[in-house]
Amino acid sequence: MSWLLGRNRPQPQQDAVLAGGSDDEDKNADPQLSNAERKAMEAYRFDSSALERAADAARTLERSRHAREALELSKLQELTRQQEYQTKIKEYEAHVEQAKVEQKRIDHEERRKTLVEETKQQQQRAQYQDQLSRRRYEDQLTQQQRVQEENLRKQEESVARQEAMRRQTIEHEIEMKEKNRLKLLEHEMRVKAKVDRENRDINLEQIRLKAQEHRTTVLESIKTAGTVIGAGFDAMLTDWDKVLTAAGGLSLLALGVYAARGATGVTSRYIESRIGKPTLVGETSRFALLDALKHPIRYIRRLTSKPTDALQGVVLNPKLEERLRDVAIATKNTRINRGLYRNILMHGPPGTGKTMFAKKLAEHSGMDYAIMTGGDVAPMGKEAVTGIHKVFDWSQTSRRGLLLFVDEADAFLRKRSSEHISEDLRAALNAFLYRTSEQNEKFMLVLASNTPEQFDYAINDRLDEMVEFTLPGLEERERLLRLYFDKYVLKPAAEGARRFKLETFDYGATCSKMANVCEGMSGREISKLGVSWQAAVYASENGVLTEKMVLDRARSAAAQHKQKMAWLSDHERLDHKSVTGGKIE
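All values derive from a computational prediction rather than experimental measurement.

What follows concerns the nonpolar core. Core analysis: the biggest nonpolar cluster contains 31 residues, and Val 377, Leu 413 and Leu 447 have the highest contact counts within it. Elements that contribute at least two residues to this core include exactly strand S3 (368-373), helix H11 (383-396), strand S4 (402-407), helix H12 (423-435), strand S5 (443-449) and helix H13 (457-461). Setting aside residues no more than four positions away along its own chain, Leu 447 makes contact with Ile 344, Leu 345, Met 346, Val 406, Ala 409, Leu 413, Phe 432, Ile 459 and Leu 463. Counting residues in hydrophobic clusters, the runner-up holds 25 residues, among them Val 315, Val 489, Leu 529 and Ala 557.

Here you go:
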């Protein structure tokens, strides 16, 4: 309707007049009024010309033939403006809702940040509390260790004083006994000399009589023997049948003695190779008649046993376990396909499972095993060479194949160039080198040593693979502790053993604590720790094993291990670098 009122129609003259009048009015206006007051006054002014223009437009519109279309158009424009206004209202409401959603999102984000910050503060507080508790625990352990060391030092001093007093007492007693013995001997000699002086004539007479009787007896014996021998020679020289009979009898006797010695040697070697075992072999899984008679149940159980996993019951580093599993699979397939066995060196600290794995390897591959110690070779002297040849000859007779495990092999396989060894030991080493010069399909050689650097170069040349057994790490120690806790504590307690009860506590957490305490200990030391738990139960008043007793035994074992390491001399540290993990402090 704006065109109806004449708002859109151009009126230059009226606008100019109005503009001129407005200027006049502005000029005639009060100069003290501000611009805002002037604009407010202009808003309340009434322009009569606009009404006149509207009336003229209305009359013109009534006379026009397009009046109805103009009215409809004006309505449509007004409806469009209302719709646009409603659309703007909805857009404004949508903007308001979006602002509310955004505000809620911002509030939620602020709340989430607040929760995250609170969680972080709680974690930091918990970590700080854990650090404080660990520090207190470490301080307590240090204090307990200091107290134990002080008690141990006092005990050692007390034992040393008692030992010195005992030694002095023993020396004094020995000295007094020696003095009394000398005095008694002197007195006896004096008495005997006095008696001899008094009975000198009688003794001389007795000696003369005995000498005369002895001379008479010897002369008569010589005469009798000469008579008999002379008569015998006369008879033999005159009768040739007797001479031939005597010669034949002596020949048959010599032949019988020689045949008996040879048969006895062959029989003994056969029995030793088939039924018995050589002197150097200390333990074996091969059939031995004496062992079968002594332990028939154990022998029958061994015959009926099935091949087991080579790493069953052996806890080692995962990489080492993977490598040993490859060795076990290769050995088993070598036996099945009758290939040539490889010689292996297993070196590392004592008690890390070398002997145990050698037995498991033989059982897994279906072979017999034999264990000999290098320290048994040197005491045999000249017989060592024969003993070594007997071992290898005996190993050749095994139908299943023999795994020969030489423990402490460095005891007789030392370097010939730098070590001072005896001629007998050198000969034994040469015999060993001769029998192992080529790989064999009858036996497999496995050497074990704590100091492999002492081996002769020729021995190293005969080794096909070297495997290092290291001390168990944190995870391996925890696995070992769980294994031996189940073996020595849980099973006896579950079986209802007499005087063996177990307090309820978190066994897994306790084993994790002990794994941290037992750092540096070998598998054998950890197994001995399991036996000490049983000893603690048997020594207690009520026969109940508590968590405190378990942890105390673990700390005591760790302290003893540190003491043993401290006792090592510099020379022993150089010789046994593997004991300290290759580190020489």
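The next subject is the environment of Ala 378. Within the secondary structure, Ala 378 is located in the loop between S3 and H11. C-alpha of Ala 378 to C-alpha of Ala 428: the two residues are 50 residues apart in sequence and 8.5 Å apart in space.

A few words on the sheet that holds S5. Across the sheet, which stays open at both edges, the six strands sit in the order S1-S3-S4-S5-S2-S6 with mixed pairing between neighbours. Strands with a single pairing partner mark the edges of an open sheet, and in this sheet they are strand S1 (281-284) and strand S6 (465-468). Going across the sheet, the axis of each strand differs from the next one's by a mean of 20°, ignoring polarity. Both strand S2 (residues 344-347) and S6 contribute to a ladder of four bridges, which runs parallel. Paired with Leu 345 across the strands is Met 466, a residue of S6. Against the sheet, helix H10 (residues 354-365) contacts S1, S2, S3, S4 and S5, and its axis sits at roughly 175° relative to S4. The sheet contacts of H11 involve S1, S3, S4 and S5, and relative to S4 the element is tilted by about 155°.

Turning to the pattern of salt bridges, a few remarks are in order. Under the criterion given, the structure shown has 22 salt bridges. The salt bridge partner of Glu 150 is Arg 153, with a shortest N-O separation of 2.2 Å. Within this pair, Glu 150 and its partner Arg 153 are both found in helix H4 (residues 67-198), separated by three residues, close to a single helical turn. Of the residues examined, Glu 150 reaches a relative accessible area of 31% and is grouped as partly exposed. Linked through salt bridges whose partners overlap, the residues forming this network are Glu 150, Arg 153 and Glu 157.

The feature "coiled-coil region" (unreviewed entry), as annotated in UniProt, sits at residues 82-109 in this numbering. Taken end to end, residues 82-109 is 100% helix and 0% strand, and its two terminal C-alpha atoms sit 40 Å from one another.

What counts, and where the lines are drawn
Residues numbered from 1 in each chain as written. Predicted model: local features only at pLDDT ≥ 70, side-chain atom pairs only at ≥ 80, totals over all residues. Heavy atoms only, no water. Core = buried A, V, L, I, M, F, W, Y, C linked by side-chain atoms within 4.5 Å. Buried < 20%, exposed > 50% of the residue type's maximum accessible area, 1.4 Å probe, protein only. Helix = DSSP H or I, 4+ residues; strand = E, 2+ residues; numbered from the N terminus. Contact = heavy atoms within 4.5 Å. Pairing = 2+ DSSP bridges. Axes fitted to C-alpha atoms, helices over the stretch in contact; angles between N-to-C directions. Salt bridge = Lys/Arg side-chain N within 4 Å of Asp/Glu carboxyl O. UniProt positions renumbered as here; feature names shortened; annotations may be inferred.

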